[in-house]
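This is what each chain is made of:
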Amino acid sequence: MNKIVSKEYFSANVIKFEVEAPLIAKARKAGHFVMVKVGLKGERIPLTIADADLQKGTITLVVQKMGVSSSKLCALEAGDFITDMVGPLGKATHIENFGTVVCACGGVGTAPMMPIVAALKKAGNRVITVIAARTKDLIILEEQMRINSDEVIVMTDDGSYGNKGLVTNGVESVINREKVDLCVTIGPAIMMKFVSQLTKKYEVPTLASLNTIMVDGTGMCGACRVSVGGKTKFVCVDGPEFDAHLVDFDEMLMRLGGYRDIEREENELYKEALSSK
Amino acid sequence: MNISEERAQAWRADLRSSMKAKERTEIPRVHMPELDAEYRSHSRLEEVNLGLSAEQAMLEAKRCLDCANPTCMEGCPVGIDIPRFVKNIERGEFLEAAKALKETSALPAVCGRVCPQEKQCEERCMHLKMKKESVAIGHLERFAADYERESGSISVPTVAPANNIKIAAVGSGPAGLAFAGDMAKLGYEVVVFEALHEIGGVLKYGIPEFRLPNDIVDVEIQNLQSMGVHFVTNCVVGKTISIKDLEDDGFKGIFVASGAGLPRFMNIKGENLVGVMSSNEYLTRVNLMDAANPESDTPVFKGKKVAIIGGGNTAMDSVRTARRLGAERALIVYRRSEVEMPARLEEVKHAKEEGIEFWTLHNPIEYIGNEQGRVTHMLLQVMELGEPDASGRRSPIEIPGKTELIEIDEVVVSVGVSPNPLIPQSVEGLEVTKWGTVVVNNDTMQSAVPIIFAGGDIVRGGATVILAMGDGRRAAKAMDEWINKKS
Ligand SMILES: Cc1cc2nc3c(=O)[nH]c(=O)nc-3n(C[C@H](O)[C@H](O)[C@H](O)COP(=O)(O)OP(=O)(O)OC[C@H]3O[C@@H](n4cnc5c(N)ncnc54)[C@H](O)[C@@H]3O)c2cc1C
Ligand SMILES: Cc1cc2nc3c(=O)[nH]c(=O)nc-3n(C[C@H](O)[C@H](O)[C@H](O)COP(=O)(O)OP(=O)(O)OC[C@H]3O[C@@H](n4cnc5c(N)ncnc54)[C@H](O)[C@@H]3O)c2cc1C
Ligand code: SF4
Ligand code: FES
């Protein structure tokens with residue numbers, strides 16, 4: 001049981017929680033995640049540790065409402081308890097002074113990118129963050145990103161805010177403008193696939209943080225497996241970050257869709273249950 | 001009292017002479033009452049074996065000859081005094097029987113249900129030499145343990161005065177639980193760290209309820225708690241806290257019982273298709289996350305034509321689970337013949353009664369999917385048995401060109417597990433084999449790093465509950481001696 005000490009809305013569907021977890025706060029590094037379960041019959045879902053406060057013994061999670069499990073978490077208030085939380089899991093991001101790093105994120109990937117941007121900045125990198133979304137209202141965490149980025153480029157599909165275009169347009173404009181030593185990308189698999197294709201063309205080394213389906217998060221089940229360079233890897237223990245140019249994104253996309261029908265059904269049931277309350 | 005002194009007791013002698021050996025061997029072996037096969041193949045949680053009645057147990061116990069040289073005990077990996085507990089059942093002293101069991105086994109209600117008795121004690125029973133069926137030792141063990149639990153007079157073992165020495169167990173499977181119990185009895189302050197949100201290891205997340213009800217494991221856990229054992233769930237040693245943190249925190253001994261939780265795959269084409277998964281994933285979803293319960297948020301595929309690859313207990317548990325979740329066809333695909341199957345005999349029998357198809361001497365070589373990436377077919381290579389290899393087992397060889405294509409919508413890969421590398425990797429100086437198991441002294445279970453002892457599947461690879469439990473007990477004894485010697 002972990003107590004929520006504060007809750008803050010970044011937007012209607014993106015919520016920041018500070019949660020008591022002194023041991024995790026002490027052990028975590030950028031790139032680590034936790035598995036969170038809400039309720040006795042809840043699902044275990046992975047969430048990146050966005051930040052930690054050693055003094056307070058808390059970690060920060062930024063959650064985007066997707067389906068049942070993330071919505072159940074987002075329905076909790078300060079003072080409530082998260083039923084189960086375990087971590088820090090995964091391999092920490094390898095941080096050093098690479099030079100200039102472009103961090104390309106979109107959708108669910110924006111929150112997990114925050115600690116990486118901060119750690120890269122601290123290590124002396126020039127950090128350019130590209131945030132992308134379909135439309136203005138879906139751009140999140142822009143202010144938070146500005147704190148640790150040398151530059152933030154906002155991209156919207158419809159041009160309602162920032163530059164019109166996709167995340168790849170933003171990344172390409174930077175590559176065309178200056179030497180980029182590393183690209184880090186987190187977001188929907190389809191987005192990472194296109195970022196990876198682009199940076200491969202320009203031969204910019206690229207890390208992708210993969211958000212596969214997970215069950216235990218400790219290497220026990222293999223639900224999270226992906227093919228990297230032709231070998232099967234478990235994202236929860238071998239990752240979540242991999243050399244993007246070696247990741248089989250098509251396979252990952254296929255596997256992510258695996259439970260979509262069941263998830264949709266469960267979400268309908270959950271909404272029904274909520275509205276009948 | 002040693003075993004022969006026990007045997008020489010007056011009541012035992014009287015009991016022996018009360019019936020002729022010939023009469024005893026003439027009694028037919030008891031049949032375990034069980035749920036109807038058709039009914040149970042749709043009932044996810046109800047236990048298949050119903051347990052013996054007192055009359056059945058007492059009659060079965062009569063079959064035992066109370067041998068002067070009880071070979072059954074040699075077959076028991078932990079050397080339970082089998083005739084003593086059996087004879088106590090014969091004379092109706094069921095609680096005494098349970099006590100006799102508990103002197104050696106920490107989890108008799110569990111072992112009575114899941115031990116492969118036909119390869120252990122029962123394989124060595126005198127009756128077999130006389131061409132009779134062996135005494136149903138496993139069923140009797142379960143009877144005595146269940147009787148004690150249900151009688152409500154389950155005894156919490158006496159705990160020695162607290163010695164204020166902190167020791168830790170990593171992992172709450174049978175090895176960790178057995179270790180914790182013995183150390184608590186000796187007066188140690190015991191903390192068990194568990195990575196998952198549930199206590200019990202494979203007993204909870206692996207073995208299904210229809211074979212081992214959770215309640216039975218929970219009673220054992222409550223017993224430990226009432227003896228003062230402290231459990232910390234959601235704590236991955238090596239991640240949340242390190243072994244070094246534990247030492248700094250004042251823990252004087254650490255027993256690593258982290259199991260063999262890593263699933264193996266076969267690395268064949270199509271294995272990453274949607275609908276193909278490890279048995280660990282399948283069983284974790286269903287058992288740990290209760291995914292088949294509509295109240296649970298965790299999803300699980302309920303395939304109509306499900307193939308399970310493998311022939312061990314895990315494969316049997318998976319295939320019988322698939323049947324219970326509504327599979328019209330549930331298949332075991334195994335590359336050797338039925339004789340070589342490592343699963344318990346009873347599980348194979350139950351599976352067959354439940355309508356499971358056995359495709360022995362078949363091995364998958366490819367899975368084929370549709371445009372959405374969902375598995376729709378598997379290609380099987382037909383095998384035959386070749387000459388016996390060095391281990392005496394006849395190894396399967398391919399019959400060239402002979403394959404079969406079968407329509408399926410779900411595949412559960414159950415071809416073994418490897419030790420969890422987390423702890424072996426995170427501790428400097430620990431000796432590890434090429435299979436990733438931790439090397440220990442066989443008598444003391446102490447590793448190359450003196451403060452660390454280890455046992456169960458992390459030392460043996462995928463083994464059995466009774467061996468894990470035995471390791472836990474041996475480690476407790478040795479750690480206690482080691483700590484006393486030091487101070
Ligand atoms: C290592 C890792 C770190 C993550 N960090 C964060 C984080 O910091 N903040 C955050 O909000 N989310 C994060 N996620 C994603 C988060 O775990 C999922 O959004 C969550 O599991 C969805 O559960 P749900 O029941 O709410 O939705 P579901 O009902 O499971 O899914 C709803 C919809 O989202 C899709 N979906 C499900 N899982 C994912 C996924 N992993 N990626 C993309 N789409 C998915 C489904 O296909 C479905 O269409 C992370 C994922 C991983 C693997
Ligand atoms: C489906 C299935 C069916 C089986 N059927 C039988 C049977 O019928 N009969 C039989 O005798 N055997 C059977 N077995 C084998 C038997 O269950 C195992 O040999 C036994 O459970 C091993 O016990 P253990 O204590 O070593 O490990 P486990 O039971 O595996 O427990 C290890 C525990 O450690 C935890 N852990 C791992 N790493 C860490 C860490 N770093 N920090 C904290 N905790 C950690 C795990 O989460 C787990 O709970 C079966 C196994 C499976 C999977
Ligand atoms: S070998 Fe069989 S008959 Fe002899 S003591 Fe053991 S159980 Fe009884
Ligand atoms: S989530 Fe189970 S192995 Fe990665």
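Counting of residues starts from 1 at the beginning of each chain's written sequence and follows it residue by residue. Labels follow written order: the first chain is A, the first ligand is 1, and so on. Given that this is a predicted model, residues contribute local features only at a pLDDT of at least 70 and side-chain atom pairs are listed and counted only at 80 or more, while totals for whole chains, interfaces and linings are drawn from all residues. The basis for every side-chain value is the complete set of heavy atoms in the structure, and neither hydrogens nor water enter the calculation.

S.K.: Before we go on, may I ask you to explain the site of ligand 3 in this structure?
M.R.: If a single non-hydrogen atom of a residue is within 4 Å of a molecule or strand, that residue counts as near it. Around ligand 3 sit Cys64, Leu65, Cys67, Thr71, Cys72, Pro83, Cys125, Met126, His127, Val135 and Ile137 of chain B, and that is every residue in its neighbourhood. At the level of secondary structure, the elements contributing two or more residues to the shell around ligand 3 comprise helix H6 (71–75) and helix H10 (126–129) of chain B. Put simply, DSSP H or I for four residues or longer makes a helix, DSSP E for two residues or longer makes a strand, and each gets a number counted from the N terminus.

S.K.: I tried to follow the packing of helix H12 (residues 174–185) of chain B against helix H21 (residues 465–486) of chain B on my own but got confused; where do I start?
M.R.: How two helices sit against one another is set out by the angle between their axes and by the gap between those axes. All names here are of chain B. Interaxial distance between H12 and H21 falls to 7 Å at its minimum, and their mutual angle equals 35°. With respect to the hand of their crossing, H12 and H21 are arranged in right-handed fashion. Along its contact with H12, which presents Pro174, Ala175, Ala178, Phe179, Asp182, Met183 and Lys185, the element H21 presents Val465, Ala468, Met469, Gly472, Arg473, Ala475, Ala476, Met479 and Asp480. Split into classes, the residues belonging to the contact of H12 with H21 amount to eleven nonpolar, one polar and four charged. In this analysis an axis means a line fitted to C-alpha atoms, helices contributing only their contacting stretch, and an angle means the value between N-to-C directions, from 0 to 180 degrees. Helix crossings are classified by the rotation of the near helix relative to the far one: an anticlockwise turn of less than a right angle makes the crossing left-handed, while a clockwise turn makes it right-handed. Note on definitions: a residue-residue contact is assigned when non-hydrogen atoms from the two residues lie within 4.5 Å. Side-chain classes are defined by residue name, with Ala, Val, Leu, Ile, Met, Phe, Trp, Tyr, Cys and Pro counting as nonpolar, Asp, Glu, Lys and Arg as charged, and the others, Gly among them, as polar.

S.K.: Is there a simple way to think about the sheet that holds strand E4 (residues 44–48) of chain A in this case?
M.R.: Think of a sheet as strands paired side by side through backbone hydrogen bonds, with each pair either parallel or antiparallel. Residues and elements named next belong to chain A. Think of it this way: DSSP has to see at least two bridges between two strands before they count as a pair. Across the sheet, three strands lie side by side as E4-E3-E8; this open sheet has antiparallel pairing. Unpaired on one side and paired on the other, E4 and strand E8 (84–89) mark the two borders of the sheet. The average undirected angle you get between the axes of adjacent strands in this sheet is 25°. When strand E3 (residues 33–37) meets E8, the two strands line up antiparallel, connected through four bridges. Across the sheet, residue Phe33 finds its bridge partner in E8, namely Leu89.

S.K.: What is the right way to read the site of ligand 1 from this model?
M.R.: All names here are of chain A. The environment of ligand 1 is made up of 23 residues, and the closest members are Pro46, Val62, Gln64, Ser70 and Asn211. Counting of polar contacts relies on pairs of N or O atoms within 3.5 Å, with two restrictions inside protein: one atom must be capable of donating a hydrogen and the other of accepting it, and residues adjacent in sequence are counted only when both atoms are side-chain atoms. The separation between a nitrogen atom of ligand 1 and a polar side-chain atom of Thr48 is 3.0 Å. A distance of 2.7 Å is found between an oxygen atom of ligand 1 and a backbone nitrogen or oxygen belonging to Gln64. Here the accessible surface of atoms and residues is derived via Shrake-Rupley with a 1.4 Å probe, and residues count as covered only by protein chains that are part of the display. About the coverage of ligand 1: the protein hides 89% of its 880 Å² of free accessible area. A pocket, in this scheme, is an open set of points on a 1 Å grid over the protein atoms alone with protein on both sides within 12 Å along at least 5 of 7 lines, while a cavity is a set where a 1.4 Å probe fits but cannot get out; residues line either one if an atom lies within 4 Å of a point. Any molecule with more than half of its atoms within 2 Å of a cavity's or pocket's grid points is regarded as sitting in that cavity or pocket. Of all the cavities here, the one that holds ligand 1 is the second largest pocket. Mapped by element, the contributors of at least two residues to the shell around ligand 1 are E4, strand E6 (58–64), helix H2 (68–74) and helix H9 (260–275). Take the shell around ligand 1: its biggest share by element is four residues, from E4. Throughout the structure description, domain borders are defined by an automatic or database domain assignment. Built from parts of two domains, the shell around ligand 1 gets at least three residues from each of domain 1 (2–89) and domain 2 (100–256).

S.K.: I tried to follow the sheet that holds strand E5 (residues 51–53) of chain A on my own but got confused; where do I start?
M.R.: All names here are of chain A. Ordered in space as E5-E6-E2-E1-E7, the five strands form an open sheet in which the pairing is antiparallel. Of all strands in the sheet, those with a lone pairing partner are E5 and strand E7 (81–82), marking the two edges. Strand direction decides the pairing type here: E5 and E6, joined by three bridges, are antiparallel. Pairing of Asp53 across the sheet is with Thr58, part of E6.

S.K.: Teacher, can you tell me more about the interface of chain B and chain A here?
M.R.: Size of an interface: often given as the accessible area lost when the parts come together. The partner chain A presents 38 residues to the 39 residues of chain B that form the contact. Roughly 3300 Å² is buried in total at the junction of chain B and chain A, and carbon and sulfur atoms are behind 55% of that figure. If you sort the residues of chain B by the area they bury against chain A, Lys239, Asn272 and Asp297 of chain B come out on top, with a joint share of 23%. Salt bridges are counted wherever a side-chain nitrogen of Lys or Arg sits within 4 Å of a carboxyl oxygen of Asp or Glu. Counting every contact that joins chain B to chain A gives two salt bridges. Across the pair Asp297 of chain B and Lys72 of chain A runs a salt bridge, and its minimum N-O distance is 2.8 Å. Taken together, the connections running from chain B to chain A amount to 15 residue pairs in polar contact (both at pLDDT 80 or more). Elements that contribute at least two residues to the side of chain B that touches chain A include exactly strand E5 (262–263), strand E6 (276–278) and helix H16 (279–288) of chain B. For the side of chain B that touches chain A, the element with the most residues is H16 of chain B, which contributes four residues. Per-class residue counts for the side of chain B that touches chain A are 17 nonpolar, 15 polar and seven charged. A simple way to read buried area is as the amount of 1.4 Å-probe accessible surface that goes missing from two parts once joined, with both sides added.

S.K.: What's the story with empty space enclosed by the protein in this structure? I'm lost.
M.R.: The gaps left among the atoms become clear once a water-sized probe is rolled over them. Grid points are joined across faces, edges and corners, and a volume is the space filled by probe spheres set on the points. Evaluation of the coordinates by the stated rule reveals seven cavities of 30 Å³ or more. Computed from the structure, the largest cavity encloses a volume of approximately 160 Å³. The wall of the largest cavity is formed by 17 residues, among which Ile213, Ala223, Arg255 and Tyr259 of chain A together with Glu281 of chain B lie closest to the centre. Sorting the residues of the lining of the largest cavity by element identifies helix H8 (249–256) of chain A together with E6 and H16 of chain B as the ones contributing at least two each. It is H8 of chain A that provides the largest number of residues to the lining of the largest cavity, a total of three residues. Partitioning the lining of the largest cavity into residue classes produces ten nonpolar, three polar and four charged.

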